[in-house]
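A structural walkthrough
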Amino acid sequence: MIGDSAGRRAFDEFVAARSPTFIRLAYLLTAGDQHAAEDLLQTSLAKTALKWHKIDDPEAYLRQVMYRQQISWWRRRREYAVAELPEQAGADATYDVDLKIVVQKALGKLTAKQRAVLVLRYFEDQSESTVAATLGCSIGTVRSTAHRALARLLQLCPELHDLYIRTGEARHER
Amino acid sequence: MNADELVKDALGTVADEARLPAGVAGAAWRQRTRMRIRRTATTAAALVAAVTVGVITVPSLVAPDDPQVATSRIADGIAADPGRATPVQRVAAGRVTLTAYASCAPSTSDCAWHVLDPDTGRYGPTPWGWVAVAPGGRTAAVLEKTLPARRIGLADTAGGTVRRWIDLGRAAAGSVAWSPDGQRLLVTTYDFDPGLLDDPGDVPDERNSRTGFAIVDVASGEAAFHRLPGGPGVRSDLSWSPDGSLIWEDSGERQRPRKYYDLTGRTQPGPAQESLSDQDAGLSPDGRLLAMGGRSGSAPFVADVASGETTLLEPGGGHPIVRSLAWADDTHLIAWMQESGDSSRYRLVLVRVAGEQEVTPLTGWTDPRSTWWPSFTSEP
């Protein structure tokens, strides 16, 4: 009733090698919700396992499934349960901790598609055409979504915005 | 560091907080198994005493080469067909009877439904694309071979004659489930064939296959349709809650495995305990034990609702339990067992979850070249 499992060993090896990377992507896509990230990774891996004998590039397939799955879940729920975060760290906390908390909160305020584009473009350094293929949309949509997502992120993270502007200015001055 | 690298670095500091769960490969593989077998169509029904083949004494079920098998006996008896890869003779335990099953060829995804004839106690082939047997075991709601179907047939399980058709008009049915009282049908509607084994394409399908559902009053034939789109590209059948007041779907989410709706499709909280179960079996008939499991690499388990104490389903013998399907009574589960050594052969078993776990095979090991998945009917 369940079908063959001849590829189980290869699947295990693939998961062992790649899941440390993909749990990081899942964590970003779910705006820092550890449980939701585990669900997303496991469900995406299960869907990859379903097609294990048919797919040539399991990593690309898993990436595509994960991004589309997250957007689909978000559409169905119509809201996103952002993980509870501690209040912003006090004055004696390190700057990195402050920034991490602010960025995580900001991710939770983006749409799932904005998060997906942001992670693909800026965290994974994927080209616009690759992002379009992964998400099943046009390059124009990727470009506009990336622009809006980044602008929104910077608006929600003043610290990051200041750094971004200064870095950009420094780059232009060189 | 340029501006883009700054954003990457900021995202990286968030990603650094992620923790990789243990056993994710095994848990994903089990979820894949679950996706393939889909949710078993369990309906609440009263078993007809005359149909019962009778209690089969347990020693006759125990194969000499199955050291993990222990004796087990429950009040309403056991009927098993443990020597065959696909059942031919009636399979039942306690309140639950295997009333139909779909036998499928994984290579072609072509499935053939078999239904239990209550007069002969044997399963026979049918021409249908979906079968759900009603309370009492004598009537089956059937859909024609090509899904989604525009009408529902009410067929006699003894002989297979269709006694009546219920026209669904513009709606197209991909599955049917009987309400616990046997008075209504829950029809999950789709806009293209959702398939039975898995999604047909080699790439993720973005289409939202499920369109919604219909509640059909069997006596009058009247149907009320409600829009409730499902996830992309996969079969996502809806099920009745045990009391027939709500319907639910498998959400695929750990914190809320079942998502509940009222009979018009509005989201509802769902029963407090039952909604936490990610196993088909759900809550035991007496409401004391909840079938859970499989996450983070662990075996399925049962949780005591009152105390919170959990018991892993690990009966020993090297053959793991992979999924809890239905409660035969308050302390026995019908489950899929996997042959040891990472085999792709499985069998239905009855597991006693109280005290020392005992296993009784209900069917033989499946043939890896073909697959079948069960449709149960259970008494309230």
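Residues numbered from 1 in each chain as written. Chains lettered and ligands numbered in written order. Predicted model: local features only at pLDDT ≥ 70, side-chain atom pairs only at ≥ 80, totals over all residues.

Some details on helix α5 (residues 112-123) of chain A
All names here are of chain A. Buried residues dominate α5, accounting for 10 of its 12 residues. Every buried residue of α5 is accounted for by K113, R115, A116, V117, L118, V119, L120, R121, Y122 and F123. Just beyond α5, the residue with positive phi is D125, at close to 60°. (Buried ≥ 20, exposed ≤ 12 C-beta atoms within 10 Å, placed from the backbone. Helix = DSSP H or I, 4+ residues; strand = E, 2+ residues; numbered from the N terminus.)

Side note on the environment of L150(A)
Tracing the backbone through its elements, the reader meets L150(A) in helix α7 (residues 139-156). Sequence separation between L150(A) and R115(A) is 35 residues; the distance between their C-alpha atoms is 9.4 Å. What L150(A) contacts, discounting residues up to four positions off in sequence, is L118(A) and V7(B). (Contact = placed C-beta atoms within 7 Å.)

Brief notes about the confidence of the model for chain A
Residue and element names in this part refer to chain A. For chain A, per-residue confidence averages 78 on the pLDDT scale, and residues scoring 70 or more make up 76% of the total. For chain A, helix α8 (residues 158-173) is the element with the lowest average pLDDT, namely 64, and helix α1 (residues 8-29) is the one with the highest, namely 92. Note on residues 76-93: pLDDT is under 50 here. Beyond four places in sequence and across chains, it has 21 contacts. Contacts of residues 170-174 to residues separated by more than four positions or lying in other chains number 2 contacts, the stretch itself having pLDDT below 50. (pLDDT = per-residue confidence, 0-100.)

A short note on the packing of α5(A) against helix α6 (residues 128-135) of chain A
All names here are of chain A. α6 packs onto α5 with a crossing angle of 140° between their chain directions and a minimal axis gap of 10 Å. Considering their axes alone, α5 and α6 lie oblique with respect to each other. Relative to α6, α5 is oriented so that their crossing is right-handed. Residues A116, V117, L120 and R121 of α5 pack against V131, T134 and L135 of α6. For the contact of α5 with α6, the residue count by class is 5 nonpolar, 1 polar and 1 charged. (Axes fitted to C-alpha atoms, helices over the stretch in contact; angles between N-to-C directions. Parallel < 35°, antiparallel > 145°, perpendicular 65-115°, else oblique. Left-handed = near helix turned anticlockwise from the far one by under 90°. Nonpolar A, V, L, I, M, F, W, Y, C, P; charged D, E, K, R; others polar.)

Description of α7(A)
Residue and element names in this part refer to chain A. For α7, spanning 18 residues, the distance from its first C-alpha to its last is 25 Å, which sits close to the expected 26 Å at 1.5 Å a residue. Three or more residues of α7 are buried, namely V142, T145, A149, L150 and L153. All buried residues of α7 lie within an arc of 130° about the axis, which places them on one face of the element. Exposed and oriented more than 90 degrees from the buried face of α7 are G140, S144, H147, A151 and Q155. (Expected span 1.5 Å × (residues − 1). Arc of directions from axis to C-beta.)

So, the environment of Y190(B)
Mapping Y190(B) onto the fold places it in strand β12 (residues 184-190). Here the alpha-carbon distance between Y190(B) and A149(B), two residues 41 residues apart in the chain, equals 9.1 Å.

Looking at the sheet that holds strand β20 (residues 300-304) of chain B
Residue and element names in this part refer to chain B. With antiparallel pairing, 3 strands are arranged side by side in an open sheet as β19-β20-β21. At either margin of the open sheet sits one strand with a lone partner, and together these are β19 (289-293) and β21 (310-312). Strand-to-strand twist across the sheet, computed as the mean angle between neighbouring axes with direction ignored, equals 25°. (Pairing = 2+ DSSP bridges.)

Brief notes about the nonpolar core
In terms of nonpolar packing, the biggest core is built from 83 residues, with V131(B), A140(B), I152(B), V176(B), V187(B), I334(B) and A335(B) touching the most fellow members. Residue contributions to this core peak at 6 residues, all from strand β4 (residues 96-105) of chain B. Once residues within four sequence positions are removed from consideration, V176(B) is found in contact with W130(B), A132(B), A141(B), L143(B), I152(B), L185(B) and V187(B). Core analysis: the second largest hydrophobic core is formed by 57 residues, A26(A), Y61(A), L110(A) and A27(B) among them. (Core = buried A, V, L, I, M, F, W, Y, C linked by C-beta atoms within 7 Å.)

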